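Fold and contact review
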Amino acid sequence: MNEDFDDVSALAAMEGFVADSVAQLSDFPGFAARSVELRGCYYGVDVEKTLEGHDTVHLRYEFPEPSWEDPLVRETYPEELASIWEVEGHEVEVDRDDSGAITHVSATRDDGIALYYTVLGKVLIEASLGGGSECVAVADGEFTIPEPVGGVPPEQDIFSDSGPRESE
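The text that follows walks through the structure, step by step, so that each part is easy to find. (Residues numbered from 1 in each chain as written. Predicted model: local features only at pLDDT ≥ 70, side-chain atom pairs only at ≥ 80, totals over all residues. Heavy atoms only, no water.)

Looking now at the overall build of the protein. On a plain count of helices and strands, the protein comes out with two helices and eight strands. Counted from the first residue to the last, the protein has its helices and strands arranged as α-β-β-α-β-β-β-β-β-β. Taking 2.2 N^0.38 as the reference for a compact globule, 168 residues should give roughly 15 Å; the C-alpha atoms of the protein span a radius of gyration of 16 Å, in line with that estimate. In terms of principal-axis extent, the alpha carbons of the protein reach across some 45 × 35 × 30 Å. The buried share of the protein, taken over its 168 residues, is 45%. The centroid of the 9 positive side-chain charges in the protein is displaced by 4 Å from the centroid of its 38 negative side-chain charges. (Helix = DSSP H or I, 4+ residues; strand = E, 2+ residues; numbered from the N terminus. Rg over C-alpha atoms; globule rule 2.2 N^0.38 Å. Buried < 20%, exposed > 50% of the residue type's maximum accessible area, 1.4 Å probe, protein only. Lys, Arg positive; Asp, Glu negative; His and termini not counted. Charge placed at Lys NZ, Arg CZ, Asp CG, Glu CD.)

On to unusual backbone geometry. For Asp27, which is not glycine, the phi torsion reads 55° and is therefore positive. Exposure remark for Asp27: the relative accessible area of 66% places this residue in the exposed category.

Taken as a whole, this structure holds one disulfide when the rule is applied. A sulfur-sulfur distance of 1.8 Å marks the disulfide that ties Cys41 to Cys135. With the S-S dihedral at roughly 95°, the linkage between Cys41 and Cys135 falls on the right-handed side. Of this pair, Cys41 sits in strand S1 (residues 33–43) while Cys135 is found in the loop between strand S6 (122–129) and strand S7 (136–137), placing the two residues 94 residues apart along the sequence. Each of the two residues, Cys41 as well as Cys135, counts as buried. (Disulfide = S-S within 2.5 Å.)

If you trace the backbone, Thr56 turns up in strand S2 (residues 49–62). Assessed through its relative accessible area of 5%, Thr56 is described here as buried. Separated by 3.1 Å, the side chains of Thr56 and His58 make a polar contact. (Polar contact = N/O pair within 3.5 Å; in protein donor to acceptor, adjacent residues only side chain to side chain.)

This paragraph deals with the pattern of salt bridges. Here the structure, examined in full by the defined rule, presents seven salt bridges. Its salt-bridge partner being Arg34, residue Asp157 comes within 2.6 Å of it at the nearest N-O pair. Of this pair, Asp157 sits in strand S8 (residues 157–162) while Arg34 is found in strand S1, placing the two residues 123 residues apart along the sequence. With its nearest N and O atoms 3.7 Å apart, the salt bridge here joins Glu62 to Lys122. Placement of the pair is Glu62 in strand S2 and Lys122 in strand S6, with a sequence separation of 60 residues. Owing to a relative accessible area of 18%, Glu62 belongs among the buried residues under this scheme. A single salt-bridge network, built from bridges that share partners, covers Glu15, Arg34 and Asp157. (Salt bridge = Lys/Arg side-chain N within 4 Å of Asp/Glu carboxyl O.)

Here the focus is the environment of Trp85. Mapped onto the fold, Trp85 is located in helix H2 (residues 71–87). Sequence separation between Trp85 and Phe143 is 58 residues; the distance between their C-alpha atoms is 29 Å. With sequence-adjacent residues up to four places away left out, Trp85 is seen in contact with Phe17, Ser21, His90, Val92, Val105, Ser106, Ala107, Leu115 and Tyr117. (Contact = heavy atoms within 4.5 Å.)

Attention now goes to the environment of Ile158. Mapped onto the elements of the fold, Ile158 is located in strand S8. Relative accessible area serves as the criterion here: at 45%, Ile158 is assigned to the partly exposed category. Separated by 14 residues in the primary sequence, Ile158 and Thr144 place their C-alpha atoms 13 Å from one another. Apart from the residues lying within four places of it in its own chain, the contact partners of Ile158 are Arg34, Ser35 and Val36.

Shown next as structure tokens:
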């Protein structure tokens, strides 16, 4: 349970972290798609109980398919982001394949917001709180979603809600 955020402020913090990170990348090609997802807050031995009035927030951006094989996006960006995030004082983890190429780099801020840059076929940036399992309170009022970063077209900007807001 994270008491520093509600679902609206968690998404805003995630969007800000993505925006700040990609603003530092040279020749950033923009994003092709974004998805924002709210899920219920499950817990218990078999993750069968739901904590009412709480949810989890997930954010995902996908790079345009033509850039998936671009060395700038596949090789340079993960290296740059790892360096940027380390300089900013975030906890950084880097995974490499057998050839030494980065397949995944993540950064976790002190407030628990984490970004994951994944290079496996598609190239994605995902954000979550506490590895995606940390619950936050549902904010009063409507769930507001900031404008997407990187020129995502409206038809590729997807919101899904399988959390408690869905039943309101």
